[in-house]
Each structure stands twice: as C-alpha cells, then as structure tokens.
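# Structural overview for review
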Amino acid sequence: MQTNTELVLALWEEARTRFSNQLDDLKPEDLRKKLGTSPNSVGFLIRHIADVELLFAKNVFGDSSVSVTAKTVIAKKDTGEWTDLDTIKSYASSAFETLRSILRQQTDADWETGIRTQEFGAKTKAEALGRITSHTAYHAGQLAIAVKYGRIPE
C-alpha cells in the first residue's frame, strides 16, 4: 500500500508532464514566440513555472536550502531575457527536482498541516499542492498554444 506522500507525488508528477513533455520538442526560436499582444513569451512562461515551483518548495513545503530570485514574479511581464534554451530547460529541470525532493520528505500527517501565504491565504499542504499543480497545468496550456500559434515579435 502506498503512503499519502507517494500517492500525491505520483499525481503531481503525472500532471506536470503536460508541461515537461513540451520542453523536449522546443527549438531555440520558440522561446521568443508570443500570442498577439500577449506580454509573455514562451521563455517567460517556462521560467515562470520554474520560479513558482521553487517558491513553493521554499515557502510552502519548507525547503530552507532553496535560494530563489523569482524574476518573473518580480517583473510581472516578459523582459526578453529568457531566450537561451539550454539554460531555461536546465532551470526548469532543477526546479522540478527541488520541489520533488521536498515533496518526498513530507510525512502523511504533513499533508493536513496548515500553511498561510500572502498570495493565496490559508491552505493545507495538500491543497497547496493542488494549487501548484493547477498553476503549472494552466501555464502549460498557454505554452502549448504560444508554441503552436505564436509569432516572434519584430
């Protein structure tokens, strides 16, 4: 029988494939694509997902070893700096591994522990995992549309 931690980890990892599977097929020029007048490029979206995963690892799940400067959260818009494919993929992979590592350390009782953040108020850790899962899936959808239909601004 699996523990609650093993179950929720498997659910999160499966849901995150909506994002991570897209990274394999990206070309460097895709990172600059945007939809219409959207302020966010493909590169920005990837960086944003990773930034937020690191913030969750640190602030929600208690990984004090995480040092993150969430540039996309700070800037709130694309600054044009997320254009190196290898760097952005490495950052996303590192964020995934960091969050997965701290999630693995949660006990079954931890999932019912309450946390409070400025961004979304009071939640249990289980509810917070639902929030990061839906956040990643939401932006993964934007990412897929931007890669497929987006254009590189002139």
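Residues numbered from 1 in each chain as written. Predicted model: local features only at pLDDT ≥ 70, side-chain atom pairs only at ≥ 80, totals over all residues. Heavy atoms only, no water.

### As for the side chain of D78
Defined as follows: By the criteria applied, helices consist of DSSP H or I runs no shorter than four residues and strands consist of E runs no shorter than two, each listed in order from the N terminus. The buried label goes to any residue with under 20% of its type's maximum accessible area, the exposed label to any with over 50%, and the partly exposed label to all in between, with areas taken from a 1.4 Å probe on protein chains only. Charge assignment: positive for Lys and Arg, negative for Asp and Glu; neither His nor the chain ends contribute. Salt bridges, as used here, are contacts in which a Lys or Arg side-chain nitrogen is within 4 Å of a carboxyl oxygen on Asp or Glu. Pairs of N or O atoms within 3.5 Å make up the polar contacts considered here, provided that, within protein, one atom can donate a hydrogen while the other can accept it, and that residues adjacent in sequence are counted only when both atoms are side-chain atoms. Residue contacts are defined here by distance: any two heavy atoms, one from each residue, within 4.5 Å place the two residues in contact.
Secondary-structure assignment places D78 in the loop between α3 (71-75) and α4 (85-104). One buried charged side chain, D78, makes no salt bridge at all; its nearest oppositely charged neighbour is K34, positioned 4.5 Å away. One polar contact links the side chain of D78 to the main-chain amide nitrogen of G80, over a distance of 2.5 Å. Not counting residues up to four positions away in its chain, the partners in contact with D78 are K34, P39, N40, S41 and F44.

### Some words on α4
This is how the line gets drawn: A helix is expected to span 1.5 Å for every residue after the first.
End to end, α4 covers 28 Å across 20 residues, agreeing with the expected 28 Å (1.5 Å per residue, within 8%). What α4 keeps buried is the set L85, I88, Y91, A92, A95, F96, T98, L99, R100, I102 and L103. Measuring from the backbone nitrogen of D86 back to the side-chain oxygen at the start of α4 gives 3.4 Å, which picks out D84 as the cap.

### Digging into the nonpolar core
Counted only if it meets this: Residues grouped as a nonpolar core are buried Ala, Val, Leu, Ile, Met, Phe, Trp, Tyr and Cys residues, joined through side-chain atoms within 4.5 Å.
W12, F19, I46, F56, F61, L99 and L103 are the most contacted members of the largest nonpolar core, which totals 40 residues. Contributing elements (two or more residues each) for this core: α1 (4-23), α2 (42-60), α4 and α5 (125-149). No other element matches α2, which puts 11 residues into this core. Among residues more than four places away in sequence, those in contact with F19 are I46, I49, A92, T136, A140 and L143.

### Topic: the packing of α2 against α4
Geometry of a packed helix pair, given as the angle between the helix axes and the separation of the axes. This is how the line gets drawn: Only the contacting stretch of a helix is used when fitting its axis, a line to C-alpha atoms as for every element, and angles between N-to-C directions run 0 to 180 degrees. An angle below 35 degrees is read as roughly parallel, one above 145 as roughly antiparallel, one from 65 to 115 as roughly perpendicular, and any other as oblique. The hand of a helix crossing depends on one turn: near helix anticlockwise from the far one by less than a right angle means left-handed, and clockwise means right-handed. Think of it as three bins: nonpolar holds Ala, Val, Leu, Ile, Met, Phe, Trp, Tyr, Cys and Pro, charged holds Asp, Glu, Lys and Arg, and polar takes everything else, Gly as well.
Two elements in contact, α2 and α4, have axes whose closest approach is 9 Å; the angle formed by their N-to-C orientations is 25°. As summarised for this structure, α2 and α4 are arranged roughly parallel, according to the angle between their axes. Considering only the axes of α2 and α4, their crossing is left-handed. Residues G43, I46, R47, A50, D51, E53, L54, F56 and A57 of α2 lie in contact with α4, whose contacting residues are I88, Y91, A92, A95, F96, T98, L99 and I102. Split into classes, the residues belonging to the contact of α2 with α4 amount to 12 nonpolar, two polar and three charged.

### Re a nonpolar patch on the surface
Defined as follows: Patch membership is restricted to residues that have no salt bridge and whose relative accessible area is over 30%. Joining uses 9 Å for like charges and 5 Å for the nonpolar side chains Val, Leu, Ile, Met, Phe, Trp and Tyr. A 1.4 Å probe and the Shrake-Rupley method give the accessible areas. Residues count as covered only by the protein chains that appear here.
Together, L35, I145 and Y149 line one region of the surface with nonpolar side chains, adding up to about 290 Å² of accessible area. Take I145: it is sitting in helix α5.

### Focus: the packing of α1 against α4
Taken N-terminus to C-terminus, the directions of α1 and α4 make an angle of 175°; their axes are 11 Å apart at the nearest point. Classified by the angle between their axes, α1 and α4 sit roughly antiparallel to one another. Touching T5, L9, W12, E13, R16, F19 and L23 of α1 are K89, A92, F96, L99, R100, L103 and R104, all from α4. Residue composition of the contact of α1 with α4, by class: eight nonpolar, one polar and five charged.

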